[in-house]
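Structure assessment
Listed below, chain by chain, are the residues.
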Amino acid sequence: MQNELDIKKARTPKLRKPIAEDGAAIWRLIRDCKPLDENSLYANLIQADHFRDTCVVAEMGGDIVGWISGHMIPAQDAFFVWQVAVSPKARGLGLGKTMLMELVNRDETEDAKTLKTTITRDNDASWGLFRSFANHVGGDLSDAPHFTKDAHFEGAHDTEHMVTITLPETAALKRAA
C-alpha cells in the first residue's frame, strides 16, 4: 500500500526544458485543452527545439501534462508567454503558476522586468492564473486592448488584451518560488 508521501510524489509533475521529440506530445496536449488555439504540429516542434530555453514541459507518469511556450521580446526587457496548457489530469495542482515561476527564474529570462501575455476578456482561467501569479510575486498587473477583433482579426476572433506584470528583482522571484 502506498503511503501519503508516495501518492503526493506521484502527483507532482517534473518540470524540464522541452526537446524536439516532445513536439507531437505538446501538440496533442494543446489539442486536448479546448478552447486553446491549436498551432500546427510543426510550430510546436519548432518551439520545443528553437525556443526550449524559454519554454517548459511538465511530466507526470511519463506523460506531458503541462506546457508553457514563451520568448523574450526582441529589444525589450520583457518575457512573453504565448500559451499555457495543463492537462485535465493535472489540474488543481497549481501547475500553471509553478511552470511560470520556473520560467521567470531561468537564466535566459533574468533580464525580464515584465512578463507579458495576451488574454481575451472571456478567458477566466487565464485571468485567474495571471492574477494569482502577479499576487504571488508581488507584481502589478495591468492590461490594455492590443490585438483587436476588427483591426487584427477581421472580426473572426475576440480582442486580445496585453497583460503586463511587473517582476521583482531576480532574488525576490527565487524567494517567491
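These numbers were taken from a predicted model, which means no experiment stands behind them.

Attention shifts here to the overall build of the protein. Assigned secondary structure in the protein consists of six helices and seven strands. If you list the helices and strands of the protein from N to C, you get α-β-α-α-β-β-β-α-β-α-β-β-α. Going through the 177 residues of the protein one by one, you find that 40% of them count as buried. A sequence separation of at least 24 residues applies to 64% of the contacts in the protein between residues at least 6 apart.

Another point: the side chain of R106. Locating R106 in the fold gives a position in the loop between α4 (95-104) and β5 (114-120). At a separation of 3.4 Å, a polar atom in the side chain of R106 contacts the main-chain carbonyl oxygen of R52.

As summarised here, the arrangement of the seven strands in space is β1-β2-β3-β4-β5-β7-β6, forming an open sheet in which the pairing is mixed. Looking at the sheet topology across the chains shown, the edges are occupied by β1 (14-16) and β6 (141-147). Strand-to-strand twist in this sheet, taken as the mean axis angle between neighbours without regard to direction, amounts to 25 degrees. Relative to β5, strand β4 (residues 78-86) runs parallel, the two sharing four bridges. Bridged to F80 within β5 is K116.

Our next topic: the nonpolar core. If you look at the biggest cluster of nonpolar residues, it comprises 28 residues, and the most contacted ones within it are I68, V81, L100, L115, F130 and F133. Not counting chain neighbours up to four residues away, the residues in contact with L100 comprise I68, V81, L115, L129, F130 and F133. Listed in part, the ten residues of the second largest apolar core include C33, A48, I64 and A85.

Further remarks concern a negative patch on the surface. On the surface, D77, D107, E110 and D111 cluster together into a patch of negative charge. Positionally, E110 belongs in the loop between α4 and β5.

With that out of the way, let us pick up the layout of surface pockets. Of the pockets and cavities examined, the largest pocket occupies roughly 1,000 Å³. As for the largest pocket, its lining consists of 35 residues, and the residues nearest its centre are L36, Q83, V84, N123 and S126. Secondary structure elements with two or more residues in the lining of the largest pocket: β4, α4, β5 and α5 (124-137). Here the lining of the largest pocket takes seven residues from β4, the largest share from any one element. Here the lining of the largest pocket is composed, by residue class, of 18 nonpolar, eleven polar and six charged.

Helix-helix packing: each pair is described by the crossing angle between the helix axes and the interaxial distance. At a minimum axis distance of 8 Å, the contact between helix α2 (residues 23-32) and helix α3 (residues 41-50) shows a crossing angle of 125 degrees. In terms of orientation, α2 lies oblique with respect to α3. Between α2 and α3 the crossing geometry is right-handed. Of α3, the residues touching α2 (which contributes G23, A24, I26, W27 and I30) are L41, N44, L45 and A48. Classifying every residue of the contact of α2 with α3 gives seven nonpolar, two polar and no charged.

A separate point is the packing of α4 against α5. Contact geometry for α4 and α5: axes closest at 10 Å, N-to-C directions at 55 degrees. What the angle tells us is that α4 and α5 run oblique. Considering only the axes of α4 and α5, their crossing is right-handed. Together, G96, K97, L100, M101 and V104 of α4 and L129, F130, S132, F133, H136 and V137 of α5 make up the contact between the two elements. Looking at the contact of α4 with α5 residue by residue, the classes come out as seven nonpolar, three polar and one charged.

The rules behind the values
- Residues numbered from 1 in each chain as written.
- Predicted model: local features only at pLDDT ≥ 70, side-chain atom pairs only at ≥ 80, totals over all residues.
- Heavy atoms only, no water.
- Helix = DSSP H or I, 4+ residues; strand = E, 2+ residues; numbered from the N terminus.
- Buried < 20%, exposed > 50% of the residue type's maximum accessible area, 1.4 Å probe, protein only.
- Contact = heavy atoms within 4.5 Å.
- Polar contact = N/O pair within 3.5 Å; in protein donor to acceptor, adjacent residues only side chain to side chain.
- Pairing = 2+ DSSP bridges.
- Axes fitted to C-alpha atoms, helices over the stretch in contact; angles between N-to-C directions.
- Core = buried A, V, L, I, M, F, W, Y, C linked by side-chain atoms within 4.5 Å.
- Patch = residues over 30% accessible without salt bridge, like charges linked within 9 Å, V, L, I, M, F, W, Y side chains within 5 Å.
- Areas by Shrake-Rupley, 256 points an atom, 1.4 Å probe, with all protein chains shown as cover.
- Salt bridge = Lys/Arg side-chain N within 4 Å of Asp/Glu carboxyl O.
- Lys, Arg positive; Asp, Glu negative; His and termini not counted.
- Charge placed at Lys NZ, Arg CZ, Asp CG, Glu CD.
- 1 Å grid on protein atoms, 1.4 Å probe; cavity = no way out; pocket = protein on both sides within 12 Å on 5 of 7 lines; lining within 4 Å.
- Points joined across faces, edges and corners; volume = space filled by probe spheres on them.
- Nonpolar A, V, L, I, M, F, W, Y, C, P; charged D, E, K, R; others polar.
- Parallel < 35°, antiparallel > 145°, perpendicular 65-115°, else oblique.
- Left-handed = near helix turned anticlockwise from the far one by under 90°.

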